[in-house]
Amino acid sequence: MVIRKRMRIAAAVLVMCTMAGCSLFPDGTRVVEKDAGESTQQIDYNSDYIKSTVSDVLEIDADVYRTDKEFKSYTIDYSGVDSATADKHADVFAQDGKELSDRKEILDKTTGNVRNIRYFYSDGSSYTEAYNMKMYTSKDASDRKYSLYVRLEKDKKDYLPLDELEDFSKEEAEKRARQYCDKLGITGVGDVIEYFAMDASHMTEIMNREENVQDLKYSGSLKSDNKEEITWNKEDEVYDFLFYKNIEGIPVAWAGAKSNKVNYSNACYVRVVVGRDDIKSIADNYTYNITGGGSPENNQLCTLEDAITAFNTDNQYSGGIMKIKITEIRQVYCPLAKVMDDYYRGTEAVTYPVWQITYEVESATVKDGTAYRGVTKSTYIINTTYNISRKMDSQS
């Protein structure tokens, strides 16, 4: 009798939750439905600018970038290193008294072909050319860890707010970055995705914060006997540029992706850090060659409405999220791996059209009894036609 009474009470509670627009997770948590399928406002999905509230969680305030070019299916290849060409590129950095001090080749375990070549210079800098990337790292880049300053900060523009450095224009720095890409044979460098003017004052403030000292205050490892304390002066200031790569004038997704039908893709972008006196670092992430295609296969892009609906559904129950705001929507290519090698990296890929959604997430976490709120920037790749979806953090 008692058991039946308890069952009736439990059923009544479940009905009340359902009528109130609630759901019960397995752990008993009650969550208010966000109604992912319906917008609280009419949205013109054909507009070049959308400002609307989609649900209690999702808001759109975004420019929409569409290409006027036709999407086509291209086959691209990441594999292969040409030693003579790599040697020529390495010579670009052996200037102004800097000499090449060592060269090392690494062979593919399966084929025996050259997989990558590393070059070392007399000033402590290095250059690597591999089957899938080109990377130059100066000693300053190794010591000062520019990328960490961006990755450690959630609200990046609050901590690095300047648009330009004093006596060093963004235009001049970007021009120099593109010139070096040309010298290294990096083709298809497109628009700037984002950039940061890293001035001495703000970099010092970030470095000296208690939570960052361990990562940023000293060059090299903390356990190293040769570590030196870092200081920031005007001559140390740099611009950090992140560029799109293009295929036939259409940007390539700079976040990775995955599909239920095909293998993973790799993030394609070019990152260049430009100092007042020289180039500090270059990373051509996933260097590719177009080896075939231009066909109309695999070129169907789902509607923007379908993409937004799928995005909203995928994010409505994400734990700790208070608000999501989409800030940019862009049509891009996504190369999905066709052949996987023994290193689990795609050596050949086929391009697919996708919507690239850039968004900010306001979330709350609790640590040691204290509630924290923060904003992070992320990128989402989606095309429901081919079941392609992937969330990537910005600057990853």
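Keep in mind the model is a prediction, meaning the values are calculated, not measured. For every chain, the first residue of the written sequence is number 1, and numbering continues from 1 onward in sequence order. It should be noted that, the model being predicted, local features are given only for residues of pLDDT at least 70 and side-chain atom pairs only at 80 or more, the latter also being counted only at that level, while totals for whole chains, interfaces and linings use all residues. For side-chain calculations, the full set of non-hydrogen atoms in the structure is used, while hydrogens and water are omitted.

K.L.:
Any chance you could explain the environment of Val57 here in plain terms?
P.N.:
Looking at the element boundaries, Val57 is found in the loop between strand E3 (49-53) and strand E4 (58-65). Each C-alpha atom, one on Val57 and one on Met322, is 6.5 Å from the other, the two residues being 265 residues apart in sequence. Labels follow the DSSP assignment, with helices taken as runs of H or I lasting at least four residues and strands as runs of E lasting at least two, numbered in each case from the N terminus.

K.L.:
It is not clear to me how the packing of aromatic side chains should be interpreted in this structure. Could you clarify?
P.N.:
When we look at a pair of aromatic rings, we describe it by the centre distance and by the angle of the planes. Pairing of aromatic rings covers Phe, Tyr and Trp, the last counted by its six-membered ring, and requires centre-to-centre distances within 6.5 Å; plane angles under 30 degrees mean stacked, over 60 mean edge-to-face, and any other angle means tilted. On inspection of all chains with the given rule, the structure shows 17 aromatic pairs. Ring centres of Phe93 and Tyr180 lie 6.2 Å apart, and the angle between their planes is 25°; on these two criteria the pair is classed as stacked. Taken together, the residues span a long stretch of sequence, with Phe93 in the loop between helix H2 (83-91) and strand E6 (100-107) and Tyr180 in helix H6 (residues 170-183) at a distance of 87 residues. For the pair Phe93 and Tyr180, one class covers both residues: buried. One aromatic cluster is present, formed by Phe93, Tyr119, Tyr121, Tyr127, Tyr136 and Tyr180 through successive ring pairs. By the criterion adopted, a ring carries a charge over it if an Arg CZ or a Lys NZ lies within 6 Å of its centre and within 35 degrees of its normal. Looking at Arg115, its charged tip hangs above the ring of Tyr131, at a distance of 4.1 Å from the centre. The ring of Tyr65 has Arg330 sitting right over it, with the charged end atom 4.2 Å from the ring centre. Each residue is assigned to one of three classes by its accessible area relative to the maximum for its type, calculated with a 1.4 Å probe on protein chains only: buried under 20%, partly exposed between the two thresholds, exposed over 50%.

K.L.:
How should I be thinking about H2 in this particular structure?
P.N.:
In an α-helix, one turn spans 3.6 residues; hence positions three or four apart end up facing the same way. Inspection of H2 places Ala86, His89 and Ala90 among the buried residues, and these make up the whole buried set. Here the buried residues of H2 occupy an arc of 100° about the axis, which is enough to place them on one side. Structural note: H2 exposes Ala84 and Lys88 on the side pointing more than 90 degrees away from its buried face. Pairs of residues are marked as contacts when any of their non-hydrogen atoms sit within 4.5 Å. Of the surrounding elements, those touching the buried residues of H2 are strand E7 (114-121), strand E8 (126-130), strand E9 (133-137) and H6. What the arc measures is the spread of directions leading from the helix axis to the C-beta atoms.

K.L.:
So what exactly am I meant to see when it comes to the pattern of salt bridges here?
P.N.:
Pairs can form between side chains of opposite charge once their charged atoms are near each other. Salt bridges are identified by distance alone: a Lys or Arg side-chain nitrogen within 4 Å of an Asp or Glu carboxyl oxygen. Using the criterion set out here, one finds 23 salt bridges in the structure. Here Arg144 makes a salt bridge to Asp140, at a shortest N to O gap of 3.9 Å. Taken together, the residues Arg144 and Asp140, both in helix H3 (residues 139-144) and 4 residues apart, mark about one turn of the helix. Exposure remark for Arg144: the relative accessible area of 10% places this residue in the buried category. Between Arg330 and Glu328 there is a salt bridge, and its shortest N-O distance comes to 3.2 Å. Judged on exposure class, the residue Arg330 and its partner Glu328 are both buried. Linked by salt bridges that have partners in common, Asp140, Arg144, Asp236, Asp277, Asp278 and Lys280 make up one network.

K.L.:
What's the story with unusual backbone geometry in this structure? I'm lost.
P.N.:
With the exception of glycine, the majority of residues adopt a negative phi angle, and the majority of peptide bonds are in the trans configuration. Located in the positive-phi region is Asp96, a residue other than glycine, with phi close to 55°. Along the polypeptide, Asp96 turns up in the loop between H2 and E6. In this model, Glu248 sits at a positive phi of 50°, which is unusual for a non-glycine residue. Along the chain, Glu248 falls in the loop between strand E11 (238-247) and strand E12 (250-251). You can call Glu248 exposed: its relative accessible area is 54%.

K.L.:
Would you mind going over the side chain of Lys280 with me for this structure?
P.N.:
As for its placement among the helices and strands, Lys280 is situated in strand E15 (residues 279-285). Taking the relative accessible area as the measure of exposure, Lys280 reaches 4% and is therefore buried. One polar contact links Lys280 to Asp140, side chain to side chain, over a distance of 2.8 Å. Ignoring anything within four residues of it in the chain, the contact list for Lys280 reads Tyr136, Thr137, Ser138, Asp140, Ala141, Tyr146, Val238, Val273 and Gly275. Polar contacts, as counted here, are pairs of nitrogen or oxygen atoms within 3.5 Å of one another; within protein the pair requires one atom able to donate a hydrogen and one able to accept it, and residues that are adjacent in sequence qualify only if both atoms are side-chain atoms.

K.L.:
How should the pairing of E9 be read in this particular structure?
P.N.:
Each regular strand carries side chains that alternate between the two faces of the sheet. Only one face of E9 is covered, namely the one carrying Lys134 and Tyr136; the face carrying Met133, Met135 and Thr137 has none of its residues buried. At least two DSSP bridges between two strands are needed for those strands to be called paired. Two elements, E8 and E9, share 4 bridges in a ladder whose sense is antiparallel. Across the sheet, Glu129 pairs through a bridge with Lys134, a residue of E9. Count of turn residues in the E8/E9 antiparallel hairpin: 2 residues. Here E9 pairs with E15 via 5 bridges, running antiparallel. Paired with Met133 across the strands is Asn285, a residue of E15.

K.L.:
For this particular structure, what's the right way to read the nonpolar core?
P.N.:
Side chains of nonpolar character tend, in soluble globular proteins, to be buried together. Grouped together as the largest cluster of nonpolar side chains are 41 residues, with contacts concentrated most on Tyr78, Phe93, Tyr127, Tyr239, Val272, Val274 and Ile282. Residue assignment for this core shows that the elements contributing at least two residues are strand E5 (73-77), H2, E7, H6, strand E10 (189-198), E11, strand E14 (269-275) and E15. Not counting chain neighbours up to four residues away, the residues in contact with Val274 comprise Phe168, Ala173, Arg176, Ala177, Glu237, Val238, Tyr239, Phe241 and Ile279. Definition used in this section: a nonpolar core is a set of buried Ala, Val, Leu, Ile, Met, Phe, Trp, Tyr and Cys residues joined via side-chain atoms within 4.5 Å. Val64, Leu304, Ile308 and Ile357 belong to the second largest nonpolar core, which has 23 residues in total.

K.L.:
Even after reading the chapter, I still don't get the state of the cysteines, so can you show me in this structure?
P.N.:
Joining two cysteines, a disulfide is a covalent bond between their sulfur atoms. Cysteine sulfur atoms that pair up within 2.5 Å are treated as a disulfide. One pass over the structure, following the stated rule, counts 0 disulfides. Distance from the sulfur of Cys334, which forms no disulfide, to the nearest cysteine sulfur (Cys268) is 8.4 Å.

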